[in-house]
Amino acid sequence: MFFVEVIELEGLGNRSYLAGGESSAVAVDPPRDVDQVLDAAARRGVRISHVVETHIHNDYVTGGLQLARITGAVYLVPARANVSFARTPVSDGDTVDVDADLTLTAVSTPGHTPHHTAYVLRDTGRPVAAFTGGSLLIGTVGRPDLVEPRLTEQLARAQYASAHRLADELPDDTAVLPTHGFGSFCSSAQADGDATTIGREKAANMALTADVDTFVAELLAGLEDVPAYYAHMGPANATGPDPVDLTPPAVADPQEIAARLAAGEWVVDLRNRIAFAEGHVAGSFNFEAEGKLATYLAWMIPWGKPVTLLAESSEQLAAAQRELVRVGIDRPIAAAAGGPEAWLRDGERPAAFPRASFAQLAAQDTNGIVVLDVRRDSERAESWIEGSVHIPIHEVHRRLGEVPDGTVWVHCAGGMRAGIAASLLDAAGRRVVAVDDGFGAAAEAGLTVVTG
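Residues numbered from 1 in each chain as written. Predicted model: local features only at pLDDT ≥ 70, side-chain atom pairs only at ≥ 80, totals over all residues. Heavy atoms only, no water.

1. Here's the deal with the overall build of the chain
To keep it simple, the criterion reads: Put simply, DSSP H or I for four residues or longer makes a helix, DSSP E for two residues or longer makes a strand, and each gets a number counted from the N terminus. For every residue, the accessible area obtained with a 1.4 Å probe (protein chains only) is divided by the maximum for its type, and the residue is called buried under 20%, exposed over 50%, and partly exposed between those limits. Should any heavy atoms of two residues lie within 4.5 Å, those residues are considered in contact. Under the convention used here, a 1.4 Å probe and the Shrake-Rupley method define accessible areas, while residue burial counts only the protein chains that appear. Residues counted as positive are Lys and Arg, residues counted as negative are Asp and Glu, and His and the chain ends are not counted. Where a charge sits is defined by one atom per residue type, namely NZ (Lys), CZ (Arg), CG (Asp) or CD (Glu).
Scanning the chain from terminus to terminus reveals 17 helices and 22 strands. Each principal axis of the C-alpha atoms in the chain carries an extent, and together these give about 70 × 50 × 35 Å. The buried share of the chain, taken over its 452 residues, is 55%. Looking at the chain alone, contacts between residues at least 24 apart form 68% of all its contacts between residues at least 6 apart. Carbon and sulfur atoms form 49% of the exposed surface of the chain, whose accessible area is close to 17,900 Å². Side chains of the chain carry 35 positive and 60 negative charges; the gap between the two charge centres is 3 Å.

Okay, structure coming up:
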């Protein structure tokens, strides 16, 4: 009897897996904080005999090398991946024994990367699951533009062929277990649901229902911007990531927080956007711990710039620190827990800005008001508020000077990204109102919404 345990990485929109039998198991695309994989193996009472990578990841730092070293497992990495550490190269058709009657076979599936490899788990010779990494996802495929722009169309066509190979070679009831597609920007679109099979994908996945030219054209037309930190993930994974250090960072007192702000460093407040708007350290930025912290902070912070974290509790701080190591932000330079009263120097008052709804925006006199839309290009293309200015959230910190004069009413699709942008504008000395509302309420409130 086999098992497959899913390890969710919700902040990054990815999944890792532990699969095995009675005594041993394989870890697939493990996260950098490998303790949760070790804990899963301990709960199951199994030894991790193999660690496998479907590809050299562009969106997070892998824990594969460290996990293999800790457990003594065989570390399988696609043979065509250019890496500088010791591993066992795996090629198409290679098969390893995981447990009694349980085997894992490599299937070459280029497209997301040139060397991408899926793995088919067989129980007594019957395919039961396919770990598809960034190839065949739920309702979509991994994006093919993360390696080299000149290879994008070629890789898109390879992605199509790889999806068809999996569909042709595997039974319809084979579980499809991708790494990407649950919010990751490595996915060319977002997954519809959280479980699927080969049979379901044959019926619903455009890679398996459209002709190759239609598939490639639509895939390339729908690609979003690539998060800036992706440029650092591949090289880190190819050279072999260092072990993580999740011990608490040095505690920052109010004087140190002020000094770091004065030095131009990033001080990031992890509290929810409501608490931040009501009171915060002037100059700090708000990236909610419960939002897509790793994605947006790593995307927007100048790479390598020291970051100080402010959290409402030590637990929130520890969770954020764990999430950030997954994208290569290894150690906060300092941190503090509590609230503004613990972070401000004597005599300092917290900064604040108002939050509002679209109905409140609609009631305003438009003179002296700037409506700033920080949604993605694809969201903006569908519909927008007439007269609004558009700067995607990941560009706001570099384009503050382009925001027209006036009180800035900033919105996104639901409020989280507007909170980030409002904190950046507030830190820059702008008068700002964070629209904390669903975009669907804009037209209902009487605002003129243009449909693209």
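What follows picks up the thread again.
2. Re the pattern of salt bridges
The following threshold applies: The rule for a salt bridge is simple: a side-chain nitrogen of Lys or Arg has to be within 4 Å of a carboxyl oxygen of Asp or Glu.
The tally for this structure, following the rule as stated, stands at 29 salt bridges. For Arg165, the salt bridge goes to Glu169, with nearest N and O atoms at 2.9 Å. Linking Arg165 with Glu169, this pair stays in helix α3 (residues 152-169), spanning four residues, or about one helical turn. Each of Asp33, Asp35, Arg322 and Arg326 takes part in salt bridges that share partners, so that together they form one network.

3. Side note on the sheet that holds strand β14 (residues 307-311)
We count it as follows: Paired strands, as defined in this entry, are two strands with at least two bridges between them according to DSSP. Axes here refer to lines fitted to C-alpha atoms; in helices the fit is confined to the stretch in contact. Angles between the N-to-C directions go from 0 to 180 degrees.
Sheet architecture is open: four strands sit in the order β13-β12-β14-β15, paired in parallel fashion. At either end of the open sheet lies a strand with only one pairing partner, and these are β13 (285-286) and β15 (334-337). Sheet topology note: the strand β12 (residues 266-269)/β14 ladder contains four bridges and is parallel. Paired with Asp269 across the strands is Leu310, a residue of β14. In this fold helix α8 (residues 254-262) packs onto β12, β14 and β15, with an angle of close to 130° to the strand it touches most, β15. Helix α11 (residues 314-325) rests against β14 and β15 of the sheet, and its axis sits at about 140° to β14.

4. Digging into the sheet that holds strand β2 (residues 14-20)
Overall, mixed pairing links the six strands, which are arranged β1-β2-β3-β4-β5-β6 in an open sheet. Looking at strand neighbours, the two that pair on one side only are β1 (3-9) and β6 (88-90), the edges of this open sheet. Geometrically, the sheet is characterised by an average inter-axis angle of 25° between neighbouring strands, direction not taken into account. Pairing of strand β5 (residues 74-78) with β6, which is carried by three bridges, proceeds in the parallel orientation. If you follow Pro78 over to β6, its bridge partner there is Val90.

5. Remarks on the side chain of Glu265
What counts is decided by this rule: We call two N or O atoms a polar contact when they sit within 3.5 Å, provided that within protein one can donate a hydrogen and the other can accept it, with sequence-adjacent residues counted only if both atoms are side-chain atoms.
With respect to the secondary-structure elements, Glu265 resides in the loop between α8 and β12. On the accessibility criterion, Glu265 (18% relative accessible area) is buried. A polar contact of 2.8 Å, which involves the side chain of Glu265, links it to the side chain of Arg260. Look past the residues within four positions of Glu265 in its chain and what remains in contact with it is Arg260, Lys305, Pro306 and Ile333.

6. Description of the pairing of strand β17 (residues 369-373)
In terms of burial, β17 is largely enclosed, as four of its five residues are buried. Bridge analysis of β17 against strand β20 (residues 407-411) gives five bridges, and the strand direction is parallel. Bridge assignment links Leu372 to a residue of β20, and that residue is Val410. Strand direction decides the pairing type here: β17 and strand β19 (residues 389-390), joined by two bridges, are parallel. The partner of Leu372 across the bridge, within β19, is Val389.

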